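# Analysis of the macromolecular model
If you want the building blocks of each chain, they are given just below.
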Amino acid sequence: MKVVILAGGFGTRLGEYTQSIPKPMVSVGGKPILWHIMNTYAKFGHKDFYIALGYKSEIIKDYFLNYRALNSNFTIDLANGNMIAHQNDEVNWKVTLVDTGVNSMTGGRVKRLKDFIGKETFFLTYGDGVSDINIDSLLKFHKSNKKMVTVSAVHPGARFGELDIENNSVISFKEKPQTSKGWINGGFFVVEPNFLNLIDGDHSILEREPLEQAANIGELVSYMHNGFWQCMDTKRDRDSLEQLWKSNSAPWK
């Protein structure tokens, strides 16, 4: 299946990095977070990617244009420019990079991919969140419910330590855990192509009118993912993901 990834936002809350590179190119474990997201889908056999670009699109284009050189050892003949790659990171992904406008909103970016998506069911997610979600189970859930859109509901990360208390006794103490209460939009959508008819144009915010309308007509269902999920909104988020990777305990790895 086709995988659409939104990678065009400004990422202003991660300004330490995004003044010079787009948010999806911020690295975790030496790879852009965008690569980690793509690898999650690729592990389940979905390797046809459509990246919706915007802010600093040229940096993402350059990365994939030079992917083999950046991720392998190589021999280059300076006399004629011929290069032989001794590939260390062999991938068989197909990546389509589409400029969807610097100022387009999330819904508008998806709408601009209409001709690429065609009439097929497709995956859709954000370019800043990683998870250990089972893509096969997600797709099976979507097919069984036969609705226009499935959104993955996840538990948000807690900003503070979490205490479980009974009769003034602390039953458990977790320092800044992923909370076990409450659900939020975690991305990792499965979408039918007719959903695009609910998106007006570049100004349309995916999470507002289009998804609200789908919910109002009973065409939005949630796949409840109880496992790991983390978005990268701040430097602290990025540092937390980096630490998980370095300690070989990244759940999405």
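## A few points about a nonpolar patch on the surface
On the surface, Phe74, Ile76, Leu78 and Met83 cluster together into a nonpolar patch covering about 420 Å² of accessible area. As for its position among the elements, Ile76 is in strand S5 (residues 72-76). In this structure Ile76 comes out as partly exposed when scored by relative accessible area, which is 42%.

## So, unusual backbone geometry
Of note, Lys56 is a non-glycine position whose phi angle comes to about 50 degrees, a positive value. Here Lys56 shows up in the loop between strand S4 (48-53) and helix H3 (57-65). Given a relative accessible area of 23%, Lys56 falls into the partly exposed group. Although it is not a glycine, Phe188 sits at a positive phi angle of roughly 45 degrees.

## Considering helix H9 (residues 235-246)
Along its 12 residues, H9 runs 16 Å from first to last C-alpha, staying within 8% of the 16 Å computed at 1.5 Å per residue. Every buried residue belonging to H9 is among Asp237, Arg238, Leu241, Glu242 and Trp245, and all of these are buried. All buried residues of H9 lie within an arc of 135 degrees about the axis, which places them on one face of the element. The inward-facing, buried residues of H9 contact helix H1 (15-18), strand S2 (27-28), helix H2 (33-43), strand S9 (129-131) and strand S16 (229-231). Positive phi appears at Asn248, one or two residues downstream of H9, with a value of about 60 degrees.

## Looking at the pairing of strand S1 (residues 2-7)
With respect to burial, S1 is a largely interior element, six of its six residues being buried. Both faces of S1 are covered, namely the face carrying Lys2, Val4 and Leu6 and the face carrying Val3, Ile5 and Ala7. Inspection of the sheet shows S1 paired to S4 by six bridges, in the parallel sense. Within S4, the position partnered with Val3 by the bridge is Phe49. In terms of strand pairing, S1 meets strand S8 (residues 122-126) through five bridges, oriented parallel. Each bridged residue has a counterpart across the sheet, and for Leu6 the counterpart in S8 is Tyr126.

Conventions we followed
- Residues numbered from 1 in each chain as written.
- Predicted model: local features only at pLDDT ≥ 70, side-chain atom pairs only at ≥ 80, totals over all residues.
- Heavy atoms only, no water.
- Patch = residues over 30% accessible without salt bridge, like charges linked within 9 Å, V, L, I, M, F, W, Y side chains within 5 Å.
- Areas by Shrake-Rupley, 256 points an atom, 1.4 Å probe, with all protein chains shown as cover.
- Salt bridge = Lys/Arg side-chain N within 4 Å of Asp/Glu carboxyl O.
- Helix = DSSP H or I, 4+ residues; strand = E, 2+ residues; numbered from the N terminus.
- Buried < 20%, exposed > 50% of the residue type's maximum accessible area, 1.4 Å probe, protein only.
- Expected span 1.5 Å × (residues − 1).
- Arc of directions from axis to C-beta.
- Contact = heavy atoms within 4.5 Å.
- Pairing = 2+ DSSP bridges.

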